[in-house]
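# Survey of secondary and tertiary structure
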Amino acid sequence: MSDDLILSVVVGSRAYGLESETSDTDRRGVFAPPTAAFWRLDKPPTHRDGPLPEQFSWEVERLCVLALAANPTVLECLWSPIVEASTPAGERLRELRGAFLSQRAHETFAGYADTQFRRLDPARPKWKQAMHMIRLLLSGLHLVHHGEPLVRVGGHRDRLLAVRRGELPWAEVDAWRAGLAAGLARTGSVLPAAPDRAAVDDFLAGVREERL
């Protein structure tokens, strides 16, 4: 674990419960550079790859900004069931994750899934992409109903894997997508209208103070 890495989690198929024997291990992390590094003209990077294969990390402020904007990828990282490493700051970040939530998630999860849908050719669909589109909608719908994204797919696993193998007709997949999208578009939600920016700001200031 790098000296400045405060959180490292596993995402992708292994976190979703959709892995096979040949699946990669995808990792996402959060790093907090020394605060003095921000005093110079050349600032620390907002993200970086590695050092492990399939590993990508965000600088902590960048992670907070994306999470406040209800970025589905970032929110699912914060709820990953597989935490490989975490410092006290990383633990505080996971404890804070509810502060990032807002009803904006209705739009972001639906928007990400719609982008994937528009890239699919019904005549020759990319079934793995179709599976992830459905999975994202399931995650978003669970989030607005229960206050947390559905990362591990649980009882949806067999049907999602059938989509990935191309065993379901496109019409059935599309009907599943449409039903989930309609549910996500409804106004009912347990999410607050706006995130708790003050709590996130206090967390970030605390991390900066620790890294002085």
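Summary of the structure given here. Just so it is clear, the structure is predicted and the values come from calculations on it, not from any experiment. Note on numbering: residues in each chain are counted from 1, in written sequence order. Residues qualify for local features only when their pLDDT is at least 70, as the model is predicted, and side-chain atom pairs are given and counted only at 80 or more; totals for whole chains, interfaces and linings, by contrast, use all residues. Side-chain measures here rest on the full set of heavy atoms in the structure, leaving out hydrogens and waters.

### Some remarks on the pairing of strand β2 (residues 26-31)
Within β2, five of the six residues are buried, leaving the element largely enclosed by the surrounding structure. The rule for pairing is simple: two strands pair if DSSP sees at least two bridges between them. Runs of E in the DSSP output that reach at least two residues are strands. Runs of H or I that reach at least four are helices, and both are numbered from the N terminus. Pairing of strand β1 (residues 5-11) with β2, which is carried by six bridges, proceeds in the antiparallel orientation. If you follow L5 over to β2, its bridge partner there is F31. Sheet analysis places β2 next to strand β4 (residues 55-59), joined by five bridges and oriented parallel. Residue pairing in the sheet places R27 in a bridge with Q55 of β4. Think of it in three bands: with a 1.4 Å probe and only protein chains considered, a residue is buried below 20% of the maximum accessible area for its type, exposed above 50%, and partly exposed in between.

### Here we look at the sheet that holds β2
Read across the sheet, five strands follow the order β3-β4-β2-β1-β5 without closing on themselves; strand pairing throughout is mixed. The open sheet has two edge strands with one neighbour each: β3 (47-49) and β5 (82-86). On average, adjacent strands in this sheet sit at an angle of 20° to one another, irrespective of strand direction. By the bridge criterion, three bridges tie β3 to β4 in an arrangement that is antiparallel. The residue of β4 that forms the bridge with R48 is S57. Working rule for contacts: check all heavy atoms of both residues, and any pair within 4.5 Å makes them a contact. Whenever a helix is involved, its axis is fitted only over the stretch in contact; in every case the axis is a line through C-alpha atoms, and angles between N-to-C directions fall within 0 to 180 degrees. Sheet contacts for helix α2 (residues 60-68): β1, β2 and β4; angle to β4, the most-contacted strand, approximately 90°.

### Some thoughts on the packing of aromatic side chains
Aromatic ring pairs are reported here in terms of the distance separating the ring centres and the angle at which the planes meet. Each aromatic pair joins two rings of Phe, Tyr and Trp (for Trp, the six-membered one) with centres within 6.5 Å, and gets the label stacked for planes under 30 degrees apart, edge-to-face for over 60, and tilted for any other angle. Across all of its chains, the model carries three aromatic pairs by this definition. Here F117 and W170 contribute two aromatic rings whose centre-to-centre distance is 6.4 Å and whose plane-to-plane angle is 5°, an arrangement assigned as stacked. A residue pair is termed long-range when its members are at least 10 positions apart, and F117 in helix α5 (residues 104-118) and W170 in helix α8 (residues 170-185) qualify at 53 residues. Given a relative accessible area of 16%, W170 falls into the buried group.

### Considerations on the packing of helix α6 (residues 127-146) against α8
Where α6 contacts α8, the two axes come as close as 9 Å, and the packing angle between them is 25°. On the basis of their axis angle, the class for α6 and α8 is roughly parallel. Between α6 and α8 lies a crossing whose hand is left-handed. Counting all contacts with α6, which are made through W127, A130, M133, I134, L137, L138, G140, L141 and V144, the residues of α8 involved are W170, V173, W176, R177, L180, A181, G183 and L184. By residue class, the composition of the contact of α6 with α8 is 14 nonpolar, two polar and one charged. Angle categories: roughly parallel below 35 degrees, roughly antiparallel above 145, roughly perpendicular from 65 to 115, and oblique for all the rest. Crossing handedness: left-handed means the near helix sits turned counterclockwise from the far one by under a right angle, and right-handed means the same turn made clockwise. Side-chain classes follow a simple rule in which Ala, Val, Leu, Ile, Met, Phe, Trp, Tyr, Cys and Pro form the nonpolar group, Asp, Glu, Lys and Arg form the charged group, and the remainder, Gly included, forms the polar group.

### Here we look at the nonpolar core
Grouped together as the largest cluster of nonpolar side chains are 60 residues, with contacts concentrated most on V60, L75, L93, F100, I134 and L160. No other element matches the 10 residues that α6 contributes to this core. Beyond its immediate stretch of four places on either side in the chain, L93 contacts L7, V30, L63, L78, F100 and F203. Nonpolar core, defined: a set of buried Ala, Val, Leu, Ile, Met, Phe, Trp, Tyr and Cys residues in which side-chain atoms within 4.5 Å join the residues together.

### Some details on the pattern of salt bridges
Every case where a carboxyl oxygen of Asp or Glu lies within 4 Å of a side-chain nitrogen of Lys or Arg is listed as a salt bridge. Taken as a whole and judged by the stated rule, the model has 10 salt bridges. In this structure, E84 engages R27 in a salt bridge whose closest nitrogen and oxygen atoms are separated by 2.5 Å. Note that E84 is positioned in strand β5 and R27 in strand β2, a separation of 57 residues in sequence. Its relative accessible area of 42% is what places E84 among the partly exposed residues. Owing to a relative accessible area of 16%, R27 belongs among the buried residues under this scheme. In this structure, E76 and R135 form a salt bridge, with 3.1 Å as the shortest nitrogen-oxygen distance. Note that E76 is positioned in helix α3 (residues 72-78) and R135 in helix α6, a separation of 59 residues in sequence. One continuous salt-bridge network, built from bridges that share partners, spans E59, E61 and R208.

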